[in-house]
Protein chains: 2
Amino acid sequence: MDTDDELRIDAPHRELLDQILDKWSLSVLNELCERPCRFNELRRAISQVTQKSLTATLRRLERNGVIEREVVSTRPVAVMYRITPLGKTLRHPVDVLLAWASQNMPVIERAREDFDRREEEAHP
Amino acid sequence: MDTDDELRIDAPHRELLDQILDKWSLSVLNELCERPCRFNELRRAISQVTQKSLTATLRRLERNGVIEREVVSTRPVAVMYRITPLGKTLRHPVDVLLAWASQNMPVIERAREDFDRREEEAHP
DNA sequence: CTGGATCCGGTACGATACTG
DNA sequence: CAGTATCGTACCGGATCCAG
């Protein structure tokens, strides 16, 4: 019943997913979908991210065109990040994925427990 | 247009995505969606994967309940991997994601070029 | 045939210090 | 405020060798 269409993972796809689904990107997208944010706003909103990782994540997302960076020349400078139209289109696929994760989390956790228990029995 | 529902990325979700969307998992899922495979079949089908990475990927996917491992006690032993019902349900979200990637790849590549060119102008 | 064990180099990441 | 620079660490994937 599930269609037999292709599901190719060539290098460009793989690379793209790595850039957009990495550790912090989804959290950043989440924040910026709600409102434009400044750097330290994001940093506070995503409490565990380090400044270095946040910088790298923002750069990557900007390079891929899903967020925008605007420098406001005040003193001191302000930098505003916002989602782009392309970035907004990313939301649906991500939501589908997260919905799947939420729905199946219980099943998956049971599977993990079963697996770990079997492992333990095999290697006491 | 795009709904305003939540898009939470808590630690469990994050971990789950890391386990299921990592470098080789999608290729493995792809193969096993088409037919059950033995270890070396998979290895040949996914030409660049090393045996170590393939082993690790299969273990991870098995632990999360999306694939099954069956040992056939012949001489020498054979091991058959197949997708589980849970694994099949993963296909739709992944397809949505890949469809997004395919559709937007041209836009993204232009964004990258623009970004890189601006970088180069800024740092000659 | 199906992996496990080991070594190894690259890279991602965290912590800290410093700058325009 | 919004980063850059530097350092040390942890982990990952690749290569190779070995075993049930």
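Residues numbered from 1 in each chain as written. Chains lettered and ligands numbered in written order. Predicted model: local features only at pLDDT ≥ 70, side-chain atom pairs only at ≥ 80, totals over all residues. Heavy atoms only, no water.

Okay, the overall build of chain A next. Each helix and strand in chain A was counted, giving six helices and three strands. Reading chain A from its N terminus to its C terminus gives the helix and strand order α-α-β-α-α-β-β-α-α. Relative to its length of 124 residues, chain A is extended, with a C-alpha radius of gyration of 19 Å against a globular reference of 14 Å. Over its C-alpha atoms, taken along the principal directions, chain A stretches across nearly 65 × 40 × 25 Å. (Helix = DSSP H or I, 4+ residues; strand = E, 2+ residues; numbered from the N terminus. Rg over C-alpha atoms; globule rule 2.2 N^0.38 Å.)

Its rotation angle being 180°, the transformation that places chain A on chain B also includes 0.0 Å of axial translation and leaves an RMSD of 0.1 Å. Taken together, the rotation angle and the small translation identify this as a two-fold axis. (Least-squares fit on C-alpha atoms with pLDDT ≥ 70 in both.)

DNA strand D sits among 17 residues. The nearest are R38, Q51, R69 and Y81 of chain A together with K52 of chain B. When the atoms of DNA strand D within 4 Å of the protein are sorted by group, sugar and phosphate make up 66%. Here a phosphate oxygen of DNA strand D and a side-chain polar atom of R59 of chain A are 3.3 Å apart. Contacts to DNA strand D include K52 of chain B, whose side-chain N or O atom sits 2.3 Å from a base oxygen. (Near = heavy atom within 4 Å. Polar contact = N/O pair within 3.5 Å; in protein donor to acceptor, adjacent residues only side chain to side chain.)

Residue and element names in this part refer to chain A. Going through the model one piece at a time under the given rule, you end up with 20 salt bridges over all chains. Residue D18 pairs with R14 through a salt bridge whose shortest N-O separation is 2.9 Å. You can see D18 and its partner R14 sitting in helix α1 (residues 11–20), four residues apart, about one turn around the helix. The exposure class assigned to R14 is buried, which follows from its relative accessible area of 9%. Note that R117 and D114 form a salt bridge whose closest N and O atoms lie 2.7 Å from each other. A residue pair is termed a helical-turn pair when its members lie 3 or 4 positions apart in one helix, as R117 and D114 do in helix α6 (residues 91–122) at three residues. Each of the salt bridges in this network shares a partner with another, and the network as a whole consists of E31, E34 and R35. (Salt bridge = Lys/Arg side-chain N within 4 Å of Asp/Glu carboxyl O. Buried < 20%, exposed > 50% of the residue type's maximum accessible area, 1.4 Å probe, protein only.)

Before going further, it helps to examine the sheet that holds strand β3 (residues 78–83) of chain B. All names here are of chain B. Taking strand neighbours across the sheet as the criterion, the three strands line up as β1-β3-β2 in an open arrangement whose pairing is antiparallel. In the strand order of this sheet, the two ends are held by β1 (37–38) and β2 (67–72), each with one partner. Summarising the sheet, β1 and β3 pair through two bridges and their orientation is antiparallel. Paired with R38 across the bridge in β3 is M80. Sheet contacts for helix α2 (residues 25–34): β1, β2 and β3; angle to β3, the most-contacted strand, approximately 95°. Against the sheet, helix α4 (residues 51–63) engages β2 and β3, with an angle of about 115° to β2. (Pairing = 2+ DSSP bridges. Contact = heavy atoms within 4.5 Å. Axes fitted to C-alpha atoms, helices over the stretch in contact; angles between N-to-C directions.)

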